[in-house]
Amino acid sequence: MRYIKTKIFMFAVAAIFIMFFSNDFGLIDIEKNAIITAVAIDKSIDNEYEVSAQIAVPEASNKNPENKKALITGKGSTVGAAIKNVGGISGWFPKLTFCNLIVIGQSLTEENIINVLDYFSKTLRIQNSALVLLAEDSGKDLLACTSPLDNISSFALQKILFKNPGFDVDIAPTDIKTFCTDYYSNAHSSFMPLVKTVEQSDSGQQNSGSSNTPSPSQTEQNPSSSSSSSSSSSSSSSSSSPTSSSSSSSGQSSANTLFDATTTALFFKGMKVGELDTDSTLILNILTRNASLTTYQLKNVNENQYEENYLITILRNYARMDMSATDSELKVSFILDIYCKIRDQNFPIPDLDYSDNSSLPSMVKEKMEEQLTARINGLLETIRQTKCDVLKIKQNLFRHHYGQYARYKDNYLEVMKTEVHVNVTGQK
């Protein structure tokens, strides 16, 4: 019996060695894989989906510590077909396991955006935590930008979307799972950050928008951009950004691109219905998230005398929604409690310091309560006009007042009466 066990063990070891040295247990060679860090989706002129995959090429060494990047575009009648075409024209198997960013081009807002995102929400090839955002113009052009924050633009975008505690919560990020879950909820309301580009030249000047940045198609049409046009037309790829290539050909100073994601795009039933500006995005986050250490600006507090501007740090915020539903009335109250302190001001105050025990002047408290109340009411008015229920009012009605849900589910935004109560406190 002992010899039989020994023979079985030796046979198993031999089989393992044979499989290992023959085909490495069937593992795919890493050189045949395209490690996709982000994908951008646009609609082409011929009404096909255009998927641009940003690929991190693993060629870093001691002499060159930076990884190269490539942007390869494939077309197809569906998103899955376009991604498959990326592998067909590049010779690399498109691996989406490490893809953390999905960029939606502005051209796709003319249709139900769930037609695009459904593929990513249902496939197991991409993680549910992948962020989704809307580009101001073309998603491909956004990924092709050159940013001083990181050699790969998708990593630079993730740096401003994934903010550590201590930064302002002025961006409303969302992932593919959350966006699709909100779409299929009873309110059919979703949102995502709208990313705008800010070009910064070597001289330090900044220009909003990407109008001065040539698109990849414009770069290919430039006869002075040389011999790479033939290879780009066959593979639809670019290993360097159009910004850097155009600046080198024209002799002008190179322009680096920064990103602004403080605007939020609103979607109702998959269609883009509006936007939240920077102030409204901040209010949305204060009402729905932990906004600890977020700063808030108060301008011209004392209107009767000289201008007084304050920078307030929110130490704690607590928000809740109270709802009462009867046969005759639907009433919704929003209560916001904020505990804060003064971080800075534009004029000297002899008895004010920046310690944790500094008090909050009554004028500052009243001005902040008044401004927050007005901005919450402005957010509620935007919700009424766009029907994008980002505060999940309908979900609250369904969960806590189901007996009245059938009565108000179709017109709750029009008939509901709202009240806003803001209480700002500081050190005593």
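Rules behind the numbers
- Residues numbered from 1 in each chain as written.
- Predicted model: local features only at pLDDT ≥ 70, side-chain atom pairs only at ≥ 80, totals over all residues.
- Heavy atoms only, no water.
- Helix = DSSP H or I, 4+ residues; strand = E, 2+ residues; numbered from the N terminus.
- Buried < 20%, exposed > 50% of the residue type's maximum accessible area, 1.4 Å probe, protein only.
- Contact = heavy atoms within 4.5 Å.
- Areas by Shrake-Rupley, 256 points an atom, 1.4 Å probe, with all protein chains shown as cover.
- Phe/Tyr/Trp six-rings, centres within 6.5 Å; stacked < 30°, edge-to-face > 60°.
- Core = buried A, V, L, I, M, F, W, Y, C linked by side-chain atoms within 4.5 Å.
- Pairing = 2+ DSSP bridges.
- Axes fitted to C-alpha atoms, helices over the stretch in contact; angles between N-to-C directions.
- Arc of directions from axis to C-beta.
- Polar contact = N/O pair within 3.5 Å; in protein donor to acceptor, adjacent residues only side chain to side chain.
- Salt bridge = Lys/Arg side-chain N within 4 Å of Asp/Glu carboxyl O.
- Parallel < 35°, antiparallel > 145°, perpendicular 65-115°, else oblique.
- Nonpolar A, V, L, I, M, F, W, Y, C, P; charged D, E, K, R; others polar.

Asker: Honestly, the overall build of the chain in this entry has me stumped. Any pointers?
Answerer: From N to C terminus, the chain includes 14 helices and 15 strands. By the burial criterion, 45% of the 428 residues in the chain qualify as buried. Expressed as a percentage of contacts within the chain between residues at least 6 apart in sequence, the contacts between residues at least 24 apart total 69%. Carbon and sulfur atoms make up 51% of the accessible area of the chain, which amounts to about 22,600 Å² in all.

Asker: How do you make sense of the packing of aromatic side chains when you look at a structure like this?
Answerer: Aromatic ring pairs are defined here through the distance separating the ring centres and the angle between the ring planes. In this structure the tally under the stated criterion is six aromatic pairs. With a centroid separation of 5.3 Å and 80° between ring planes, the pair formed by Tyr119 and Phe120 is classed as edge-to-face. Given the relative accessible area of 24%, Tyr119 is considered partly exposed. On the basis of relative accessible area, Phe120 is assigned to the buried category, the value being 0%. Each ring, one from Phe179 and one from Phe267, has its centre 5.6 Å from the other, and the planes form 80°; the classification is edge-to-face. Here Phe179, found in helix α6 (residues 176-183), pairs with Phe267, found in strand β10 (residues 255-268); they are 88 residues apart in sequence, far enough to count as distant.

Asker: How do you make sense of the nonpolar core when you look at a structure like this?
Answerer: The nonpolar side chains of soluble globular proteins are, as a tendency, buried together. Counting residues in each nonpolar core, the largest one holds 50 residues, and the members touching the most others are Ile312, Ile338, Met368, Leu372, Leu391 and Ile393. Sequence-distant contacts of Ile312, defined by excluding residues within four places in its chain, comprise Thr294, Thr295, Tyr296, Leu298, Cys340, Lys341, Ile342, Arg343, Val364 and Met368. The next biggest cluster of nonpolar side chains, apart from the first, holds 34 residues, and it includes Ile55, Ile104, Val132 and Phe179.

Asker: Looking at this structure, how should I read the sheet that holds strand β12 (residues 294-298)?
Answerer: Whenever strands of a sheet pair, they do so through backbone hydrogen bonds, lying parallel or antiparallel. Ordered by their spatial adjacency, four strands build an open sheet running β12-β13-β14-β15, and the pairing between neighbours is mixed. Here the strands that pair on one side only, and so sit at the sheet edges, are β12 and β15 (417-425). Strand-to-strand twist of the sheet, defined as the mean angle between neighbouring strand axes without regard to direction, takes the value 40°. As paired strands, strand β13 (residues 310-325) and strand β14 (residues 330-345) are joined by 15 bridges and run antiparallel to one another. Considered in β14, the bridge of Leu311 is made with Asp344. Along the sheet face, helix α10 (residues 278-288) touches β12, β13 and β14 and points at about 65° away from the line of β13. Helix-sheet contacts for helix α12 (residues 393-400) involve β13 and β14, and the interaxial angle to β13 is about 45°.

Asker: What am I meant to see in α6 here?
Answerer: For the α-helix, the turn length of 3.6 residues means that residues three or four positions removed from each other point alike. The complete set of buried residues in α6 reads Ile176, Phe179, Cys180, Asp182 and Tyr183. Summarising the axial view, the buried residues of α6 lie within an arc of 160°, below the 170-degree limit, and thus occupy one face. Near the N-terminus of α6, the side chain that reaches the backbone nitrogen of Lys177, with its oxygen 3.2 Å away, is that of Asp175.

Asker: Would you mind going over the side chain of Thr264 with me for this structure?
Answerer: Tracing the backbone through its elements, the reader meets Thr264 in strand β10. In terms of polar contacts, Thr264 uses its side chain to reach the side chain of Thr281, at 2.9 Å. Not counting chain neighbours up to four residues away, the residues in contact with Thr264 comprise Ala172, Phe191, Met192, Leu194, Gly274, Glu275, Leu276 and Thr281.

Asker: I'm lost on the pattern of salt bridges in this one. Help?
Answerer: Oppositely charged side chains are able to pair whenever their charged atoms sit close together. Under the defined criterion, the tally for this structure stands at 12 salt bridges. The shortest N-O distance in the salt bridge between Lys122 and Asp118 comes to 3.6 Å. Here Lys122 and its partner Asp118 are both found in helix α3 (residues 114-122), four residues apart, which amounts to about one turn of the helix. Lys392 is paired through a salt bridge with Asp182; the nearest N and O atoms lie 3.1 Å apart. Here Asp182 lies in helix α6 and Lys392 lies in the loop between α11 (362-386) and α12, a separation of 210 residues in the sequence. Of the residues examined, Asp182 reaches a relative accessible area of 11% and is grouped as buried.

Asker: Which parts of the structure should I look at to understand the pairing of β12?
Answerer: Within a regular strand, the side chains alternate between the two sheet faces. The alternating pattern of β12 places Thr294, Tyr296 and Leu298 on a buried face and Thr295 and Gln297 on a face that is not buried. With five bridges connecting them, β12 and β13 associate as antiparallel partners. Among the inter-strand pairings, Tyr296 is bridged to a residue of β13, identified as Ile312.

Asker: I would appreciate a short explanation of the packing of α10 against α11 in the present structure.
Answerer: How two helices pack is summed up by the angle between their axes together with the distance between the axes. Orientation of α10 relative to α11, taken along the N-to-C sense of each, is 95°, at an axis distance of 10 Å. Between α10 and α11, the angle is such that the two are roughly perpendicular. Taken together, the residues of α11 that come into contact with α10 (itself represented by Asp279, Ile283, Leu284 and Leu287) are Leu372, Arg375, Ile376 and Leu379. In the contact of α10 with α11, the residues fall into six nonpolar, no polar and two charged.

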